[in-house]
Amino acid sequence: MRERDEQAFQRKKAEIMEACFNCYAENGLTGTGIQALANACGLSKASLYTYFDTLDDLIVQSTAYCMSKVEDDFMQLSPTSPQDIQRFIDEVPYWTAKRHGKKYRLMYQVTHPKYIEHGKRFFAGVTERYSAYARQMEPHLGIPCEVLTPLIFIFVRAAVHYALFEDEYYLKSQMDVLKLSVSLLIKQYQKEGQP
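Residues numbered from 1 in each chain as written. Predicted model: local features only at pLDDT ≥ 70, side-chain atom pairs only at ≥ 80, totals over all residues. Heavy atoms only, no water.

Trainee: Can you walk me through empty space enclosed by the protein in this structure?
Mentor: Using a probe with the size of a water molecule, rolled over the atoms, empty space left in the structure can be pinpointed. Counting across every chain of the model gives 1 cavity of 30 Å³ or more. Taken as a whole, the largest cavity holds about 170 Å³ of empty space. Lining the largest cavity are 13 residues, and of these P79, F88, M137, L151 and I152 sit closest to its centre. Of all the elements, helix α7 (residues 145-165) adds the most residues to the lining of the largest cavity, at 4 residues. For the lining of the largest cavity, the per-class residue count stands at 13 nonpolar, no polar and no charged. (1 Å grid on protein atoms, 1.4 Å probe; cavity = no way out; pocket = protein on both sides within 12 Å on 5 of 7 lines; lining within 4 Å. Points joined across faces, edges and corners; volume = space filled by probe spheres on them. Helix = DSSP H or I, 4+ residues; strand = E, 2+ residues; numbered from the N terminus. Nonpolar A, V, L, I, M, F, W, Y, C, P; charged D, E, K, R; others polar.)

Now the structure itself:
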């Protein structure tokens, strides 16, 4: 029997997770059966179980994988200079709502009690990932990563809330405070950096 090519297996598994997650995002958890998932992947139902132990395992793994990709996608647009922050704050919440709104709505369905422990593990990694994003932005913005990390949390929460509910007032009020805070922080750290 031939040994499985692990890289090819993982690539195929990633494709399946994306296809299944998109299928769930379009139809909801309760509106999507195993046959719909198999069809979305171009596989048989039995083939899905080559990659996942159970349907719940598929839901948990595909949600964690795809939401991490959404975060990366989101942060690829991060500001590259203090002057770029305005663009980021003004544009990205609308961009992410349009591009990922259904995915965020699905993610919040996966807070069902039977998935809560998996959700806690996923969100435990959020602090680590957001801190890594902050470390990447620190040299471009001149704000220390330990100050940027909570600002990222505020920004993401407001953007996700907008993607879920299209609440303009909530978004605008959060973004206005964030813009002011960032502006003051940039001035503070630029002043401290001068001899």
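Read on for the rest.
Trainee: What's the story with the nonpolar core in this structure? I'm lost.
Mentor: As a rule of thumb, soluble globular proteins bury nonpolar side chains together. In this structure, L48, F74, Y104, I152 and F155 are the most contacted members of the largest nonpolar core, which totals 60 residues. For this core, the elements supplying multiple residues, two or more each, are α1 (6-27), α2 (34-41), α3 (45-51), α4 (55-75), α5 (85-109), α6 (116-141), α7 and α8 (168-193). Per-element accounting of this core gives the leading share, 12 residues, to α7. Apart from residues no more than four positions distant in its own chain, F74 is found in contact with F88, V92, W95, T96, Y104, F155, V156 and A159. (Core = buried A, V, L, I, M, F, W, Y, C linked by side-chain atoms within 4.5 Å. Buried < 20%, exposed > 50% of the residue type's maximum accessible area, 1.4 Å probe, protein only. Contact = heavy atoms within 4.5 Å.)

Trainee: Help me understand the packing of aromatic side chains in this model?
Mentor: If you walk through the whole model with that rule in mind, you get 7 aromatic pairs. With centroids separated by 4.7 Å and ring planes inclined at 15 degrees, the aromatic side chains of F9 and Y51 adopt a geometry described as stacked. A residue pair is termed long-range when its members are at least 10 positions apart, and F9 in helix α1 and Y51 in helix α3 qualify at 42 residues. Taking relative accessible area as the criterion, Y51 reaches 16% and is therefore assigned buried. With 5.1 Å between their ring centres and 85 degrees between their planes, F122 and F123 make a pair best called edge-to-face. Feature note: the residues F74, F88 and F155 constitute an aromatic cluster, connected by ring pairs. Over the aromatic face of F122 sits the side chain of R129, whose NZ or CZ is 4.6 Å from the ring centroid. (Phe/Tyr/Trp six-rings, centres within 6.5 Å; stacked < 30°, edge-to-face > 60°. Lys NZ or Arg CZ within 6 Å of the ring centre and 35° of its normal.)

Trainee: How should α1 be read in this particular structure?
Mentor: Every α-helix carries 3.6 residues per turn, so stepping three or four residues along brings you back to the same face. Its 22 residues place the ends of α1 31 Å apart at the C-alpha level, agreeing with the 32 Å of an ideal helix rising 1.5 Å per residue. Every buried residue of α1 is accounted for by F9, K13, A14, I16, M17, A19, C20, F21, C23, Y24 and A25. Buried-residue contacts for α1 involve α2, α3, α4 and α5. N-cap assignment for α1: the residue whose side-chain oxygen lies 3.2 Å from the backbone N of Q7 is D5. Just beyond α1, the residue with positive phi is G28, at close to 85 degrees. (Expected span 1.5 Å × (residues − 1). Polar contact = N/O pair within 3.5 Å; in protein donor to acceptor, adjacent residues only side chain to side chain.)

Trainee: Honestly, the layout of surface pockets in this entry has me stumped. Any pointers?
Mentor: Looking at the largest pocket, its volume works out to about 340 Å³. Lining the largest pocket are 18 residues, and of these Y108, F123, Y130, V156 and V160 lie nearest its centre. Those elements that place two or more of their residues in the lining of the largest pocket are α4, α5, α6 and α7. It is α7 that provides the largest number of residues to the lining of the largest pocket, a total of 7 residues. Class assignment of the residues belonging to the lining of the largest pocket gives a composition of 15 nonpolar, 1 polar and 2 charged. Reported here for the second largest pocket is a volume of approximately 180 Å³. In terms of lining residues, the second largest pocket is bounded by 14 residues, among which V110, H118, G119, F122 and F123 are the most central. Looking at the lining of the second largest pocket, the elements with two or more residues in it are α4 and α6. Ranked by the residues each element gives to the lining of the second largest pocket, the list is headed by α6, at 6 residues.

Everything listed is a geometric property; what it means functionally is a separate question.
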